[in-house]
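One-letter residues, chain by chain:
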Amino acid sequence: MDAVKRVLKYLVPLLVSGGLIVWLFHKVNIHQVESIIRQGVDYRYIVAMMAITVLSHIIRGIRWGIQLRAAGIPRIPAVAESVSIFGAYALNLVFPFLGEAWRCVYITRREGCKLSTVVGTDLGDRASDGVMILMIMILTAFVAHPAIERFLDRYPLGEAIDRITTNGVLWIAIIAILALLIVADWYFRDTKFVKGVNTSMLRMWNGFKVLFHMKGTGLYIVLTFGIWICYFFETYVCFFAFPFTRELITNSPYTLGLVPGLVVFVFGSCSMAVPSNGGLGPWNLAVMFALSLFGISNSDGAAYSIVCWSFQAIILVASGIFSVIYIMASEKSVKRQLAARRAAQAKDGMTEQKQ
């Protein structure tokens, strides 16, 4: 059964990515897409997008470091913080969500701390992102209301989303399931399994709740906005790379193309919730749909999404390779530091016992 679960865990995202890519090419003129990519791209802006991608990951690593220190984990070099993010995103290209597990294990082994505590900080990290996504979606709903209405009316997917989110029975079922889990946890609280689960959950909560009382909260908030500003500009900068999206900036009623950029960014961000290899497939389709709301053809939208995704994947792979080199080069010194720290802790423990 475990083997089947592992196979499905990696097979399903591959099938999702592959199926959506096949459907994407079925919907567009592949020869036209190829022509656009060969002749109609200003790659200077694509390179700028790649640089912004690296910057966003460095900021995310530094931000996570604030949480880790608040959870009692010693200060980690900024390079190591960045490497934890580089490696995670590179792994997500191959095995979805594996990157999150890897970066927690990497920090745990590097610092000799509890995995559940590190996982808790990771949950806090993602919770911060969830808040930002919600804020950005609310902003988009206000400033790009006509485009959102067109999506809900034009596409079956939009109609399905509207129907699901307004289905009262669904929300009642979700609440009932949560209540059932709480009751089961209370009823079986003395069993070994539930005790183990609750202990791990408590450690995760301890790692998460540092968000509310840690030092450097102001810097954490600034870095959070910095990450998402970078994410937005990864999308927006690419608008300058294509003639048809450049029109949305220079010759459209939208202020410098910021509204279309925001809509494309939100659609792309939401698509990352679909299990896939680094967003391949869902992200491309979401971006194509979003661009079509502003009069961009499917072929043009597909070209935009393919180029942007491909070059972002290239920089993720390159940063992942850098992570491997850094980890291998620093392995011996990290082990010495960890051994020295444990020896010092053991000595302090013996001193306290004597006293």
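Relevant structure appears above.
All of the points below concern the structure found in this document. Since this is a predicted model, take the numbers as computed values, not measurements.

**Observations regarding the packing of aromatic side chains**
- Across all of its chains, the model carries 15 aromatic pairs by this definition.
- Look at Trp 228 and Phe 265: their rings are 6.0 Å apart centre to centre, the planes differ by 65°, and that puts the pair in the edge-to-face class. Of this pair, Trp 228 sits in helix α11 (residues 217-239) while Phe 265 sits in helix α13 (residues 258-271); the two residues are 37 residues apart in sequence, bridging distant segments of the chain. Assigned by exposure class, Trp 228 and Phe 265 land together as buried.
- On the numbers, 6.0 Å between centres and 80° between planes, the contact of Phe 233 with Tyr 236 is edge-to-face. Highlighted residues: Phe 233 and Tyr 236, both in helix α11, separated by 3 residues, approximately one helical turn.
- Accessibility expressed as a relative area gives 35% for Phe 233, which makes it partly exposed.

**Observations regarding empty space enclosed by the protein**
- For the structure shown, the criterion picks out 1 cavity of 30 Å³ or more.
- A volume near 30 Å³ is recorded for the largest cavity.
- Taken together, Ile 133, Ile 136, Met 137, Trp 228, Phe 265, Val 266, Ser 269 and Cys 270 make up the lining of the largest cavity.
- Within the residue set of the lining of the largest cavity, elements represented by two or more residues are α6 (115-143) and α13.
- Residue contributions to the lining of the largest cavity peak at 4 residues, all from α13.
- Grouping the amino acids of the lining of the largest cavity by side-chain chemistry returns 7 nonpolar, 1 polar and no charged.

**Side note on the environment of Ile 133**
- Secondary-structure assignment places Ile 133 in helix α6.
- Placed 95 residues apart in sequence, Ile 133 and Trp 228 show a C-alpha to C-alpha distance of 8.8 Å.

**Considering the layout of surface pockets**
- Space inside the largest pocket adds up to approximately 1,000 Å³.
- Along the wall of the largest pocket there are 38 residues; nearest its centre are Tyr 89, Arg 126, Tyr 231, Ser 269 and Met 272.
- Residue assignment for the lining of the largest pocket shows that the elements contributing at least two residues are α3 (43-70), α4 (78-94), α6, α11, α13 and α15 (298-354).
- Per-element tally for the lining of the largest pocket: the top contributor is α15, with 6 residues.

**Section: the pattern of salt bridges**
- Per the stated rule, a full pass over the model turns up 14 salt bridges.
- We note a salt bridge from Glu 34 to Arg 38, for which the minimum N-O separation is 3.0 Å. Residue Glu 34 and its partner Arg 38 are located together in helix α2 (residues 30-39), separated by 4 residues, close to a single helical turn.
- Glu 34 gets classed as partly exposed once you look at its relative accessible area, which sits at 36%.
- Judged by its relative accessible area of 67%, Arg 38 is exposed.
- Note that Glu 81 and Arg 69 form a salt bridge whose closest N and O atoms lie 3.4 Å from each other. With Glu 81 in helix α4 and Arg 69 in helix α3, this pair connects stretches of sequence that are 12 residues apart.
- Judged by relative accessible area, which is 5%, Glu 81 ranks as buried.

**Re the side chain of Thr 108**
- Looking at where Thr 108 falls in the secondary structure, it is placed in helix α5 (residues 98-111).
- For Thr 108, a relative accessible area of 14% corresponds to the buried category.
- A distance of 2.7 Å separates a polar side-chain atom of Thr 108 from the backbone oxygen of Cys 104.
- If we skip the residues at most four places from it in the chain, Thr 108 touches Cys 113, Lys 114, Leu 115 and Val 118.

**Brief notes about the nonpolar core**
- Formed by 71 residues in total, the largest nonpolar core has its most connected members in Ile 46, Phe 239, Phe 242, Val 263, Phe 265 and Tyr 304.
- Leaving out residues up to four positions away in the same chain, Ile 46 has contacts with Val 41, Cys 238, Ala 241, Phe 242, Val 307 and Phe 311.

**Brief notes about a nonpolar patch on the surface**
- Taken together, the side chains of Val 131, Met 135, Ile 221, Phe 225, Ile 229 and Phe 233 present a nonpolar region at the surface, about 520 Å² in accessible area.
- Residue assignment for the nonpolar patch shows that the elements contributing at least two residues are α6 and α11.
- Ranked by residue count, the leading element in the nonpolar patch is α11, at 4 residues.
- By the element assignment, Ile 221 lies in helix α11.

What counts as what
- Just so you know, the residues in each chain are numbered from 1, in the order the chain's sequence is written.
- Local features are withheld for residues below a pLDDT of 70 in this predicted model, meaning they are given only at 70 or higher, and side-chain atom pairs are given and counted only at 80 or more; totals for whole chains, interfaces and linings count all residues.
- To obtain the side-chain values, all non-hydrogen atoms of the structure were used and water was disregarded.
- Stacked, tilted and edge-to-face are the three classes assigned to paired rings of Phe, Tyr and Trp, where Trp is represented by its six-membered ring and a pair needs centres within 6.5 Å; plane angles under 30 degrees give stacked, over 60 edge-to-face, the rest tilted.
- Helix numbers and strand numbers start at the N terminus; a helix is a DSSP run of H or I with at least 4 residues, a strand a run of E with at least 2.
- Accessible area is worked out with a 1.4 Å probe on protein chains only. A residue is then buried under 20% of its type maximum, exposed over 50%, and partly exposed in between.
- With a 1 Å grid spanning the protein atoms alone, the term cavity applies to any set of points in which a 1.4 Å probe fits but cannot get out, the term pocket to an open set with protein on both sides within 12 Å along at least five of seven lines, and the term lining residue to any residue with an atom within 4 Å of a point.
- Grid points are joined across faces, edges and corners, and a volume is the space filled by probe spheres set on the points.
- Residue type decides the class: Asp, Glu, Lys and Arg count as charged, Ala, Val, Leu, Ile, Met, Phe, Trp, Tyr, Cys and Pro as nonpolar, and the leftover types, Gly among them, as polar.
- The salt bridge definition used is simple: a Lys or Arg side-chain nitrogen within 4 Å of an Asp or Glu carboxyl oxygen.
- In the analysis that follows, any N or O atom pair within 3.5 Å is treated as a polar contact, provided that within protein one partner can donate a hydrogen and the other can accept it, and provided that, for residues neighboring in sequence, both atoms belong to side chains.
- Only heavy atoms enter the contact rule, under which two residues are in contact if any of them lie within 4.5 Å.
- Working definition of a nonpolar core: buried Ala, Val, Leu, Ile, Met, Phe, Trp, Tyr and Cys residues. They are joined through side-chain atoms within 4.5 Å.
- To count toward a patch, a residue needs a relative accessible area over 30% and no salt bridge; like charges are then connected within 9 Å, while nonpolar side chains (Val, Leu, Ile, Met, Phe, Trp, Tyr) are connected within 5 Å.
- Each accessible area is a Shrake-Rupley estimate made with a 1.4 Å probe; only the visible protein chains count as cover when residues are assessed.

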